[in-house]
Amino acid sequence: MLTPLQDSKIAIIGLGYVGLPLAVAFAEKFKTVGYDIDPKRVDELQKGTDRTLEVEDELLQSVLVTNSIVLEEKGKGLLVTDAVSAISNCNIFVVTVPTPTDRHNRPVLTPMIKASETIGKLLKKGDVVIYESTVYPGVTEEEMVPVLEKFSGLKYNEDFFCGYSPERINPGDKEHTVTKILKVTSGSTPEVAEYVDQLYKSVITAGTHLASSIKVAEAAKVIENSQRDINIAFVNELSKIFNLLGIDTHEVLAAAGTKWNFLPFKPGLVGGHCIGVDPYYLAQKAQEVGYHPEIILAGRRLNDSMGRHVATELIKHMMRKDLKVIDSKVLILGITFKENCPDIRNTRVIDIYHELKSFDMDVDVYDPWASPEEVMHEYGISILNGGNPLDISQYSGIVLAVSHDKFKGMQIQKSDSCVVFDVKGFLPKEAVDARL
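About the cut-offs
Residue indices begin from 1 for each chain and proceed along its sequence in written order. Local features in this predicted model are restricted to residues of pLDDT 70 or higher, and side-chain atom pairs are both shown and tallied only at a pLDDT of 80 or more, whereas totals for entire chains, interfaces and linings draw on every residue. Excluded from the side-chain calculation are hydrogens and water; included are all heavy atoms of the structure. UniProt positions are given in the numbering used here, feature names are shortened, and annotations may be inferred rather than shown by experiment. Strands are runs of DSSP state E lasting at least 2 residues, helices are runs of H or I lasting at least 4, and numbering of each runs from the N terminus. Burial classes: relative accessible area under 20% of the type maximum marks a residue as buried, over 50% as exposed, and values in between as partly exposed (1.4 Å probe, protein chains only). We call two residues contacting when some pair of their heavy atoms lies within 4.5 Å. Each accessible area is a Shrake-Rupley estimate made with a 1.4 Å probe; only the visible protein chains count as cover when residues are assessed. Positive charges are assigned to Lys and Arg, negative charges to Asp and Glu, while His and the chain termini are left out of the count. Working definition for charges: the position is that of NZ of Lys, CZ of Arg, CG of Asp or CD of Glu. Nonpolar cores are built from buried Ala, Val, Leu, Ile, Met, Phe, Trp, Tyr and Cys residues. Side-chain atoms within 4.5 Å join them into one set. Segment limits for the domains were obtained from an automatic or database-derived domain assignment. All axes here are fitted lines through C-alpha atoms, helices being fitted over the stretch that makes contact, and every angle between N-to-C directions spans 0 to 180 degrees. The cut-offs work like this: below 35 degrees is roughly parallel, past 145 is roughly antiparallel, 65 to 115 is roughly perpendicular, and the gaps in between are oblique. The handedness criterion is simple: a crossing whose near helix is rotated anticlockwise from the far helix by less than a right angle is left-handed, and one whose near helix is rotated clockwise is right-handed. Any residue outside Ala, Val, Leu, Ile, Met, Phe, Trp, Tyr, Cys, Pro, Asp, Glu, Lys and Arg is labelled polar, Gly included; the first ten of those are nonpolar and the last four are charged. Note on aromatic contacts: the rings of Phe and Tyr and the six-membered ring of Trp form a pair at centre separations within 6.5 Å, being stacked when their planes are under 30 degrees apart, edge-to-face when over 60 apart, and tilted otherwise. Any Lys NZ or Arg CZ found within 6 Å of a ring centre and within 35 degrees of that ring's normal is scored as a charge over the ring. When a carboxyl oxygen of Asp or Glu lies within 4 Å of a side-chain nitrogen of Lys or Arg, that pair is called a salt bridge. Two strands make a pair as long as DSSP finds a minimum of two bridges between them. Buried area is calculated as the accessible area (1.4 Å probe) missing from two parts once they are joined, with the contributions of both summed. Polar contact is the term for a pair of N or O atoms within 3.5 Å; when the atoms are in protein, one must be able to donate a hydrogen and the other to accept it, and sequence-neighboring residues count only if both atoms are side-chain atoms.

Per an unreviewed UniProt entry, the recorded name for the protein is UDP-N-acetyl-D-galactosamine dehydrogenase, and the organism is Cecembia calidifontis. For the protein, the Sequence similarities (unreviewed entry) comment in UniProt is given as "Belongs to the UDP-glucose/GDP-mannose dehydrogenase family."

What follows is the structure, encoded as structure tokens:
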């Protein structure tokens, strides 16, 4: 027997870029417990601050409650905790943990498995487990359900149920926030599917799309970003071709874009938590069933080559100006995977850095959005982020890698002693030596 929605208590497992905004949205209507294994993350959220900047501190503080007693009395709100016991009496568990790839680009399901083990130990009859983490078709029912059954001793679709509703968070986007993006939902039985759909419909103002099965919802998620990855790979390949032909890619795209059905993709680095990862999840499943995905993997290879391409082009232009390469000082502007947000996950700017370092160049990275501690932990490099005024006159090469608004005021200009490469088409054309 499913718990009536109005009486539900929701546990959000994982309070990162996906989990926290969702937890806050649910907390405005439901008793919600946000659980994370990182005590530092929990502590900062309990103090009402979100370092990912996905939730405004004022909004976070408006839904926070201090303990489970207050949560029960109010009948809604958000309790943030790293104590498993705090989610033991929840009836809906929403899993929003990361799903990365390893260094061989193979899917890593460990965070989901660990979360499922934790939930399995707490499952009661009538509970519903909903996964939001990006996966390939079949992961929920073929990989996670056996874990839930093993650790709970309960029977799937008799004692407990599952749903899948893929996350659609766009980091740094203050317009398309979680409640304003249409949500795909699904459930393990028709009744549960409707239950999950109504749950999300209660907080997602943009509405929902109820998929026919969990596998359909899982597949929809991976192809959303695979499609975008392939389209960007196409324009990246065009940029390489047009560079050899001496044609400006952005001018070509602007001209082609005058046709009503031309898709407005631009060349660039493809990183982040979704576009640079999701295609590998789909490719993995395709290979398991005996199909080698050619277009998907070709797009991945091309997009993953762009960092090295940018570095090589910068060096070519330096040599044309008779500038020393070895021991020269080069500045990379931006390390986050996209503009105007602090998210450094799977950033491909790091590929530019490593390629330039392989030529024994002295490379500085400046990013006022990124946390130096996180960059050091994730990539093992030190960055500048605004402590002292930046003297750009000391550099023989500048790579504009991320189009942060904060870079608009910088006086960046090519010269006989400095090459400027604009990855994003962000700077005036006359100020740069080259751009994608």
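## Describing the overall build of the protein
When helices and strands are tallied, the protein shows 14 helices and 13 strands. Its C-alpha atoms put the protein at 75 × 50 × 40 Å along the principal axes. Residue burial in the protein is summarised as follows: out of 436 residues, 54% are buried. In the protein, the proportion of contacts linking residues at least 24 apart, taken out of those at least 6 apart, comes to 69%. Here the protein displays about 19700 Å² of accessible surface, and carbon together with sulfur accounts for 53% of that area. Charged side chains of the protein number 47 positive and 60 negative; the gap between the two group centres comes to 1 Å.

## Focus on unusual backbone geometry
Glycine aside, the phi torsion of most residues is negative, and most peptide linkages are trans. Of note in this structure, Leu53 is not a glycine but carries a positive phi near 65 degrees. Summarising the element assignment, Leu53 is placed in the loop between helix 2 (39-46) and helix 3 (57-63). One non-glycine residue, Asn340, adopts positive backbone phi at about 55 degrees. Along the chain, Asn340 turns up in the loop between strand 9 (329-333) and helix 13 (349-357).

## Some words on the nonpolar core
Membership of the largest hydrophobic core comes to 41 residues, with the highest contact counts inside it found for Ile87, Phe93, Val129, Tyr131 and Cys162. Both domain 1 (5-212) and domain 2 (232-435) contribute no fewer than three residues apiece to this core.

## Let's talk about the packing of helix 12 (residues 306-320) against helix 13
Interaxial distance between helix 12 and helix 13 falls to 7 Å at its minimum, and their mutual angle equals 45 degrees. Regarding the angle of helix 12 to helix 13, the classification is oblique. With respect to the hand of their crossing, helix 12 and helix 13 are arranged in right-handed fashion. Between helix 12 and helix 13, the contacting residues are Gly307, Arg308, Val310, Ala311, Leu314 and Ile315 on the first element and Asp351, Ile352, Glu355 and Leu356 on the second. When grouped by side-chain class, the residues that make up the contact of helix 12 with helix 13 number six nonpolar, one polar and three charged.

## Examining helix 11 (residues 294-304)
Restricting attention to buried positions, one finds in helix 11 the residues Ile296, Leu297, Gly299, Arg300, Leu302 and Asn303. Tucked into the core, helix 11 has its buried residues touching helix 8 (214-245), helix 10 (278-288) and helix 12.

## Here's the deal with the packing of aromatic side chains
The full count for this structure, using the stated rule, is five aromatic pairs. Relative to Phe30, the ring of Phe26 lies with its centre 6.1 Å away and its plane at 75 degrees, an arrangement referred to as edge-to-face. Here Phe26 and Phe30 have matching classes, each one buried. Ring geometry for Phe26 against Tyr200: centres 5.7 Å apart, planes inclined by 55 degrees, an arrangement best described as tilted. With a gap of 174 residues between them, Phe26 in helix 1 (residues 19-27) and Tyr200 in helix 7 (residues 190-201) connect regions that are remote in the sequence. The burial state of Phe26 is the same as that of Tyr200; both residues are buried. Taken together, the aromatic side chains of Phe26, Phe30 and Tyr200 make up a single cluster linked through ring pairs. Between the NZ or CZ atom of Lys259 and the centre of the ring of Trp260, over which it lies, the distance is 4.6 Å.

## A word on the pattern of salt bridges
The full count for this structure, using the stated rule, is 31 salt bridges. Here Glu288 makes a salt bridge to Lys285, at a shortest N to O gap of 3.5 Å. One end of the pair is Glu288 and the other is Lys285, both in helix 10 and three residues apart, which spans about a single turn. The partner of Arg348 in a salt bridge is Asp351, and the shortest N-O contact between them spans 2.9 Å. For Arg348, a relative accessible area of 18% gives the class buried. Within this structure, Asp38, Arg41, Glu44, Asp50, Arg51 and Glu374 form a network of salt bridges that share partners.

## Re the sheet that holds strand 5 (residues 128-131)
Across the sheet, six strands lie side by side as 3-2-1-4-5-6; this open sheet has parallel pairing. Either end of the sheet is taken by a strand with one partner, and the two such strands are strand 3 (77-81) and strand 6 (161-164). Strand-to-strand twist in this sheet, taken as the mean axis angle between neighbours without regard to direction, amounts to 20 degrees. Bridge count between strand 2 (residues 31-35) and strand 3: five bridges; the pairing is parallel. Counterpart to Lys31 in the pairing with strand 3 is Gly77. Running over the sheet, helix 6 (residues 139-152) touches strand 5 and strand 6 and is turned about 140 degrees from strand 6. Along the sheet face, helix 7 touches strand 1 (9-13), strand 4 (92-95), strand 5 and strand 6 and points at about 65 degrees away from the line of strand 5.

## Details of the domain arrangement of the protein
Once the domains are mapped, the protein shows domain 1 (5-212) and domain 2 (232-435). Using C-alpha coordinates to define each centre, domain 1 is positioned 34 Å away from domain 2. Listed by partner, the interface residues are 21 residues for domain 1 and 18 residues for domain 2. Counting the surface lost from both domain 1 and domain 2, the interface buries some 1600 Å², and carbon and sulfur atoms represent 60% of this. Interface area lost by domain 1 to domain 2 is led by Tyr17, Tyr136 and Pro171, which between them contribute 32%. Joining domain 1 to domain 2, the criterion identifies seven residue pairs in polar contact (both at pLDDT 80 or more). The residue makeup of the side of domain 1 that touches domain 2, split by class, is 11 nonpolar, seven polar and three charged.

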